[in-house]
Amino acid sequence: MPETLFYSWCLTIVQIPLIVVSLQFRCGGKVCMLRHYRPSKDGTFVFRHTVKDYQIIIEDIQEEILPKPILDAINETHLTIRESPAVKQLSISSNCTIVHMFVKNTSLRSLNIDVNEHIVYLSITYSMLVAIPRTIGNLKALATLTITHSLLRQLDLGLFCNTVTLNDLSILDNKIKSVINSSKSSCLTMMKGIYMNRNEVQILNMDEFNSFPKLEFLSFTSNRIELVTGRVNSTSLEVLGLCSNRINQIDLCQWYAPSLRSLLISNNALNELPYCLATMLNIDKIVLNRNRITHFQFYWIAPLEYLRVIDLSFNYLTSISFNDRFPKQLNWINLKSNLLTSLDLSYVPVPGLSINVENNCITHFNVTSTTINVADLAMAGNPIDCSWTNREKKEAVLCTHNSN
């Protein structure tokens, strides 16, 4: 029994230096690093000795709450809080003069924000945050908000409606299942980009974004979207990214998006082209690769006078034909990895067209009858390969046959 007690007593002595760690502080290379910080005991004294225009990095904060007076005492413009799993609550007051704030690898659950006119950039990554605080609008100078690898479950766009200075909203790698807009009127924000990649949204209602008059970029790549509802009514939207979802059909017939330049819906379950695609008159890039599209005709997109690129690779097309009704400025079409068995390029109505038909099943192709409008052709991976990279090489091309 005495031996057991002695062992337990010795174990306690050994553990003490592992728990109690001294505060470390050093500055160099335009950075002041603070480690093992205990706000309630170490106070703000150390911040009086930071070097002007240096970034402040605080690592391993050893208490749950980082109160307002601590952030108020930091006079530098860049603050990074990282590798601090003890931190659960952060408070920002109107006296906080930090401009760029980064919070990474914490257990942050609560963010309290008073009216503040200094913070321009706020980034929270790897946290336990489950909701964006309703006081986020108190950051009156906020231009960029990034929250990634956290536990957010819903995004209410209405929270940002009156954040006039906000340009970019990035909510990536969270658990968001729904996007709503509690604001029923047009928003004052100047927001240009909303990025929602790698979340869990299943139904996307495009109506929710129409109150943002300056929105140019909208991305929902790698969600679980099966249904796109509502309609776009925006004169500013330029790029729409819906790649890597589960969409099998999308209807653009009621959309009004005269500025749309790029439509990206690769790696989905589309069986056919989006309905009324030809009404997007100013579009110049359409990416529909890795879907299940079985039919395509150029006349379906002939009204798209500014279209330069269309990617239909990795689909199930069995034939393709060229005719008079054709996009006037198209210069590249990707038909790689489909099920084409023949190719006729004797008539192509636009000059300088690049075509990729690699990895199909093409057995019949006549090089000599090919129009000079085809600038280059990629055919590798077919039973017959007559590839050329420019018009001069086309004249001397020798087709090879692949028995495999």
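Residues numbered from 1 in each chain as written. Predicted model: local features only at pLDDT ≥ 70, side-chain atom pairs only at ≥ 80, totals over all residues. Heavy atoms only, no water.

1. Focus: the pairing of strand β1 (residues 24-28)
As paired elements, β1 and strand β2 (residues 31-35) share five bridges and run antiparallel to each other. Considered in β2, the bridge of G28 is made with V31. Hairpin connection, β1 to β2: the antiparallel pair is bridged by two residues, and G29 has positive phi, about 60 degrees. (Pairing = 2+ DSSP bridges. Helix = DSSP H or I, 4+ residues; strand = E, 2+ residues; numbered from the N terminus.)

2. Focus on the state of the cysteines
Inspection of the entire model under this criterion finds four disulfides. Put simply, C161 and C187 are joined by a disulfide, and their sulfur atoms are 1.8 Å apart. Because the sign of the S-S torsion sets the handedness, a value of about -95 degrees for the bond joining C161 and C187 places this disulfide among the left-handed ones. Here C187 lies in the loop between β13 (178-180) and β14 (193-195) and C161 lies in the loop between β11 (154-156) and β12 (168-172), a separation of 26 residues in the sequence. C253 shares a disulfide with C276; S-S distance 2.0 Å. On the sign convention where negative is left-handed, the bridge of C253 and C276, at about 80 degrees about the S-S bond, is right-handed. Taken together, the positions of C253 in the loop between β18 (239-241) and β19 (262-264) and C276 in the loop between β19 and β20 (285-287) put the pair 23 residues apart, joining distant regions of the chain. Residue C276 is classed as partly exposed on the basis of its relative accessible area, which comes to 31%. (Disulfide = S-S within 2.5 Å. Buried < 20%, exposed > 50% of the residue type's maximum accessible area, 1.4 Å probe, protein only.)

3. Focus: the sheet that holds strand β4 (residues 65-66)
Here three strands make up an open sheet; going across it, the order is β4-β6-β8 and the pairing parallel. If you trace the sheet from one side to the other, it starts and ends with β4 and β8 (110-113), each paired once. Two elements, β4 and strand β6 (residues 89-92), share two bridges in a ladder whose sense is parallel. Residue I65 lies in a different strand from β6, and its bridge partner there is Q89.

4. A short note on the packing of aromatic side chains
Under the definition given, this model contains nine aromatic pairs. On the numbers, 5.1 Å between centres and 75 degrees between planes, the contact of F296 with F298 is edge-to-face. When sorted by exposure, F296 lands in the same class as F298, which is buried. For the pair Y299 and W300, a centre-to-centre distance of 6.1 Å together with 75 degrees between the ring planes defines the contact as edge-to-face. A residue is classified by how much of its surface remains accessible, and Y299, at 35% relative accessible area, is partly exposed. Feature note: the residues F296, F298, Y299, W300, F322 and F326 constitute an aromatic cluster, connected by ring pairs. Here R290 stacks its cationic end above the ring of F314, 3.8 Å away from the centre of that ring. (Phe/Tyr/Trp six-rings, centres within 6.5 Å; stacked < 30°, edge-to-face > 60°. Lys NZ or Arg CZ within 6 Å of the ring centre and 35° of its normal.)

5. Digging into the side chain of S84
Considering the arrangement of structural elements, one finds S84 in strand β5 (residues 78-84). Judged by its relative accessible area of 0%, S84 is buried. From its side chain, S84 meets the backbone nitrogen of I61 in a polar contact 2.9 Å long. (Polar contact = N/O pair within 3.5 Å; in protein donor to acceptor, adjacent residues only side chain to side chain.)

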